[in-house]
Amino acid sequence: MSSQLLLSLTVGIFIGGVAGYLGTLMLSRRMSLVAGPLGHLTLPGIALALIYGFDISLGAFPFVILGIVFIWLSEIRTKLPMEALTAVIFASGVAIAFLFLPIGQAEEALVGNILKVNLWDSTISVVLTVLLFLIITKIYPKMILINISEDLAKSQGIALKKYNLVYLLLIAVIVALGVKIVGGLLTAALAAIPACSARNLSQNMFQYAFGATVIGIISSSLGIFISEFSGFPAGPLIILANAVIFLISTIFKR
Amino acid sequence: MQDDLVLKVRALSVELEGEKVINNLSFEVKKGDTLTILGPNGAGKTVLLKTLLGLLPYKGEIEWKKNIRIGYVPQRLPFIKDIPLSVKDFLKLKKSSEKEIEEILNSVGLKEALLDKKMGDLSSGQFQRILIAWSLIENPLVLLFDEPTTGIDIEGEETVYRLLARLKRDRELTILLVTHDLSVVYTFSNYVVCLNKQPICYGFPQEVLTPENLKRLYGEEVKYYRHKH
């Protein structure tokens, strides 16, 4: 195994796994789609990163934060449903990106290029995902309770605003990391699909959370391996591996 | 606050999105009371419970006895089916030991075998009991109970109200109960607050539930009432 493949696999496994894990919280909140538009909004940031040659996650991150602040503020101001607002953001991100995205590098921006990660990228990604994993684990029971019923959570003295903010920040970081392996168009699916598959297969909370993490890891590894042998880009293959696992999960739905 | 008082409400008004939902309500709850909050659908009963829990903004005065522990049984949890959650997972969301969970499960008349069942697969009677079990964790002194599903017989013997009466006796609970079912008031509670946005009556059920008051509560006003969800 080449050292480049090993690096790509490591990054894929860590980001894929944690994205799957976080995805279980997003699905139980009926918020799976929110990451989609946020992913698209990263495109201008990725374009800038590609033009000036810095890390694409670093380029993506401020734009995701911008998107989250925008959604949060306009939801308060306009009372439009969150999904409608994300549609506004979604199109704007793509539109801005295509004004100056270097066309030669469009593919990398749209579907990612995990075979390009270097040791530095990998280290940062691993450290960040481990940190994310720990935070998600810490807030998980409280977030689940909030997802079940905000009233019940508040009656337990849970500070909703604080947890929602942490939760949105987690989404921002995972979306920014995800663009590295699957690009701006597909980063949302990295969180959304494993959770759907895991939900089909699980009877309890542990199976759900653990299952989605494992499915995230398996699909990332599969995608990267198949990419190595087939020459197709890894990003779309990872998402397709996820989709196939989802299809299989529907057969065994419990 | 007097020693035997658990809750004191003075001139409580709640306004939600510009609409007065509760207007100028006052009542008291003593330790060991069972107070029913009675009124037609949409009268502001659930809003009152939520306000007492501190979940909604209000005007007026709500004073709980210091360091009181409150258990809350919500009317329903529509989103819980979206999450794969076993009964045990759910009860553990509230910090509780395995032993406490088993003990509480028994006290609401359920078997431990149920712990591994998915919340979404429970019968409505079992679900109601799990919600009661949830509220009993951390040993509350007061239970706020929102409209238990009436008429459900669990395992054909004990209704939700009998269960509540038994728990109240065993655990020396004070209970505030929301319902639109008149029969519950007489059999189960010693005080009643009648509410149809305006306070209609307050006192002993036998004394204040006069035909005239009931007409004011359920009668002519009802046809102006808009059903909202």
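Up top is the structure.
Residues numbered from 1 in each chain as written. Chains lettered and ligands numbered in written order. Predicted model: local features only at pLDDT ≥ 70, side-chain atom pairs only at ≥ 80, totals over all residues.

Caption draft 1: Just the nonpolar core, in detail. Core analysis: the largest hydrophobic core is formed by 144 residues, its most contacted members being L22(A), I171(A), I174(A), A191(A) and L144(B). No other element matches helix α8 (residues 160-201) of chain A, which puts 24 residues into this core. Setting aside residues no more than four positions away along its own chain, I174(A) makes contact with V18(A), A19(A), L22(A), L132(A) and A191(A). (Core = buried A, V, L, I, M, F, W, Y, C linked by C-beta atoms within 7 Å. Buried ≥ 20, exposed ≤ 12 C-beta atoms within 10 Å, placed from the backbone. Helix = DSSP H or I, 4+ residues; strand = E, 2+ residues; numbered from the N terminus. Contact = placed C-beta atoms within 7 Å.)

Caption draft 2: Structural detail: the environment of V111(A). Residues and elements named next belong to chain A. Residue placement: V111 occurs in helix α5 (residues 106-111). Measuring from C-alpha to C-alpha, the distance between V111 and G183 comes to 3.9 Å, with 72 residues separating the pair along the chain. Once you skip the residues sitting within four places of it in the chain, V111 turns out to touch V182, G183, L185, L186, P233, G235 and P236.

Caption draft 3: View of the interface of chain A and chain B. Chain A puts 20 residues into the contact, and the matching count from chain B is 17 residues. Looking at the side of chain A that touches chain B, the elements that each hand over two or more residues are α6 (119-148), α7 (150-155) and α9 (205-230) of chain A. It is α6(A) that provides the largest number of residues to the side of chain A that touches chain B, a total of 5 residues. Tallied by class, residues from the side of chain A that touches chain B come to 7 nonpolar, 9 polar and 4 charged. (Nonpolar A, V, L, I, M, F, W, Y, C, P; charged D, E, K, R; others polar.)

Caption draft 4: Geometry of the sheet that holds strand β4 (residues 59-64) of chain B. All names here are of chain B. Ordered by their spatial adjacency, 3 strands build an open sheet running β2-β1-β4, and the pairing between neighbours is antiparallel. Only two strands of the sheet have a single partner each, and these edge strands are β2 (19-30) and β4. The average undirected angle you get between the axes of adjacent strands in this sheet is 15°. Here strand β1 (residues 5-16) runs beside β4; their pairing, made up of 5 bridges, is antiparallel. Pairing of S13 across the sheet is with K59, part of β4. (Pairing = 2+ DSSP bridges. Axes fitted to C-alpha atoms, helices over the stretch in contact; angles between N-to-C directions.)

Caption draft 5: Geometry of the pairing of β2(B). Residue and element names in this part refer to chain B. Pairing of β1 with β2 involves 8 bridges; the strand directions are antiparallel. Bridging across to β2, L16 finds its partner in E19. Where β1 folds back onto β2 in an antiparallel hairpin, the turn is made up of 2 residues, including E17, whose phi is positive at roughly 45°.

Caption draft 6: Highlighting the packing of helix α2 (residues 35-52) of chain A against α8(A). All names here are of chain A. Running from N to C, α2 and α8 point in directions that differ by 90°, and their axes come no closer than 8 Å. As the angle between them shows, α2 and α8 are arranged roughly perpendicular. Residues A35, G36, L38, G39, H40, T42, L43 and I46 of α2 pack against I171, V175, A176, V179, G184, L185, T187, A188, A191 and A192 of α8. Class assignment for the residues of the contact of α2 with α8 results in 12 nonpolar, 6 polar and no charged. (Parallel < 35°, antiparallel > 145°, perpendicular 65-115°, else oblique.)

Caption draft 7: Fine view of the packing of α6(A) against α8(A). All names here are of chain A. Relative orientation of the contacting elements α6 and α8 amounts to 145°, with a least axis distance of 10 Å. Considering how the two elements wind past one another, α6 and α8 form a crossing that is left-handed. Counting all contacts with α6, which are made through D121, S125, L128, T129, L132, I135, I136, I139, K142, M143 and I146, the residues of α8 involved are L160, Y163, V166, Y167, L170, V173, I174, L177 and K180. By residue class, the composition of the contact of α6 with α8 is 15 nonpolar, 2 polar and 3 charged. (Left-handed = near helix turned anticlockwise from the far one by under 90°.)

Caption draft 8: Representation of the sheet that holds strand β9 (residues 174-179) of chain B in the model. Residues and elements named next belong to chain B. The strand order across the open sheet built from 6 strands is β5-β6-β9-β3-β10-β11, with neighbouring strands paired in mixed fashion. Lying at the two open borders of the sheet, with one neighbouring strand each, are β5 (70-73) and β11 (198-203). Recorded for the sheet is a direction-independent mean angle of 15° between the axes of neighbouring strands. With 4 bridges joining them, strand β3 (residues 34-38) and strand β10 (residues 191-196) adopt parallel strand pairing. Residue pairing for β10: L35 is matched across the bridge by Y191. Packing against the sheet, helix α1 (residues 45-52) makes contact with β3, β6 (142-146), β9 and β10, and its axis sits at approximately 150° to β6. Those strands touched by helix α8 (residues 211-218) are β10 and β11, and its axis lies near 145° from that of β11.

In short, geometric facts, not functional conclusions.
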